[in-house]
Amino acid sequence: MPWLVWLLAAAALGAAEFFTLTLVFGLLAGAALVAAVVAGVGVGLLGQLVALGLAAVAGLAIVRPVALRHMAQAPLVHEGSDALIGKRAEVMQEVTATHGLVKVSGEEWSARALDESHVIPVGALVDVMEIEGATAVVYPRELLP
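Rules used throughout
Throughout, residues of each chain are indexed from 1 in the direction in which the sequence is written. For this predicted model, a pLDDT threshold of at least 70 governs which residues receive local features, and a threshold of 80 or more governs which side-chain atom pairs are given and counted, while totals over whole chains, interfaces and linings are taken from all residues. Remark: hydrogens and water are excluded; side-chain values derive from all non-hydrogen atoms of the structure. Labels follow the DSSP assignment, with helices taken as runs of H or I lasting at least four residues and strands as runs of E lasting at least two, numbered in each case from the N terminus. Burial classification: accessible surface area is computed with a 1.4 Å probe over protein chains only, and a residue below 20% of its type maximum counts as buried, one above 50% as exposed, and the rest as partly exposed. Contacts are assigned to residue pairs with any non-hydrogen atoms lying within 4.5 Å of each other. A helix is expected to span 1.5 Å multiplied by its residue count minus one. Note that bend, as reported per residue, equals the angle between axes fitted to the 7 residues terminating at that residue and the 7 residues originating from it. Any two strands with at least two DSSP bridges between them are considered paired. Definition used in this section: a nonpolar core is a set of buried Ala, Val, Leu, Ile, Met, Phe, Trp, Tyr and Cys residues joined via side-chain atoms within 4.5 Å. What the arc measures is the spread of directions leading from the helix axis to the C-beta atoms. Fitted lines through C-alpha atoms serve as axes, helices being fitted only where they are in contact, and the angles separating the N-to-C directions of these axes extend from 0 to 180 degrees.

Asks: How do you make sense of unusual backbone geometry when you look at a structure like this?
Replies: A negative phi holds for most residues other than glycine; trans holds for most peptide bonds. Here Leu23, not a glycine, exhibits a phi torsion of approximately 80°, which is positive. Locating Leu23 in the fold gives a position in the loop between helix 1 (2-20) and helix 2 (24-41). Of note, the phi angle at Ser105 is positive, near 50°, even though the residue is not glycine.

Following this line, the structure appears as structure tokens:
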């Protein structure tokens, strides 16, 4: 019945992973499951401990670096207002360094010019360079007169 002990250990480690989200406890829970299978086949305690150790080392050495590399990558999809950066907009009210209004992706946004010396006329096309709160910071797509 040692396989039951390994299953309980795997459940406890899985619960610890649920609360800590470190990935280490989850990998150790998987190693405990491997030890439970080995125990269920009838291998002795030494073989179970070797299986536990090998599975834990394999998980920590192979799976963890891959998972950490994926977690460190920036998301490919921008959400919310970040998705507007780089989009084209049309000026609805003259845009200056302090105020203005543009239409981006069907929505009207308050806007200001990136270059404080620019005054962008109504109807001009601009690029959204950044979002500051509820204000789009824009730059004209073409040279201004």
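Now, onward.
Asks: Looking at this structure, how should I read the environment of Ala35?
Replies: Note on placement: Ala35 falls in helix 2. For Ala35, a relative accessible area of 0% translates into the label buried. Expressed as a C-alpha distance, the spacing of Ala35 and Gln73, which sit 38 residues apart in the sequence, is 33 Å. Ala35 has contacts with Trp6, Gln48 and Leu52, leaving out every residue within four places of it along the chain.

Asks: Could you clarify how one ought to interpret helix 3 (residues 45-72) in this entry?
Replies: Every α-helical turn comprises 3.6 residues, leaving residues that sit three or four positions apart pointing alike. Between its terminal C-alpha atoms helix 3 stretches 39 Å, which fits the 40 Å expected from 28 residues at 1.5 Å a residue. At Val63, helix 3 is bent by approximately 35°, the largest bend along its length, and proline Pro65 sits one to four residues beyond. Residues of helix 3 that are buried include every one of Gln48, Ala51, Ala56 and Gly59, and no others. Structurally, helix 3 contributes buried residues whose contacts are with helix 1 and helix 2.

Asks: Teacher, can you tell me more about the pairing of strand 5 (residues 135-140) here?
Replies: Where a strand is regular, its side chains alternate between the two sheet faces. Judged from the four bridges that link them, strand 3 (residues 107-113) and strand 5 form a sheet pairing that is parallel. Directly across from Arg112, in strand 5, lies its bridge partner Val137. Linking strand 4 (residues 125-132) back to strand 5 in an antiparallel pair, the connection comprises two residues, with Gly133 at a positive phi of about 65°.

Asks: Would you mind showing me how to read the nonpolar core here?
Replies: Within soluble globular proteins, side chains that are nonpolar tend to cluster in buried spots. If you look at the biggest cluster of nonpolar residues, it comprises 16 residues, and the most contacted ones within it are Val95, Val102, Ile120 and Val138. Membership of the second largest hydrophobic core comes to six residues, among which are Trp6, Ala10, Ala35 and Ala39.

Asks: What exactly am I supposed to notice about helix 1 here?
Replies: Counted at 1.5 Å a residue, the expected span for helix 1 with its 19 residues is 27 Å, and the 27 Å between its end C-alpha atoms agrees. Buried within helix 1 are the following residues: Trp6, Ala10 and Glu17. An end-on view of helix 1 places all buried positions within 45° of arc, on one side of the element. Across helix 1 from its buried face, at more than 90 degrees, point the exposed residues Val5, Leu8, Phe18 and Phe19. Here the buried face of helix 1 lies against helix 2 and helix 3. Positioned one or two residues after helix 1, Leu21 has a phi angle of 55°, which is positive.

Asks: Help me understand the sheet that holds strand 4 in this model?
Replies: Strand pairing in a sheet takes place through backbone hydrogen bonds and is either antiparallel or parallel in direction. The strand order 1-2-3-5-4 describes a closed barrel built from five strands, whose pairing is mixed. Across the sheet, the mean angle from the axis of one strand to that of its neighbour is 55°, orientation sign disregarded. With four bridges joining them, strand 2 (residues 101-104) and strand 3 adopt antiparallel strand pairing. Its bridge partner lying in strand 3, Val102 is registered against Trp109.

Asks: Got a minute to help me understand the side chain of Thr96 in this structure?
Replies: As for its position among the elements, Thr96 is in the loop between strand 1 (88-93) and strand 2. Judged by relative accessible area, Thr96 falls into the buried class, the value being 13%. Sequence-distant contacts of Thr96, that is, excluding residues within four places in its chain, are made with Arg112, Ala113, His118 and Val119.

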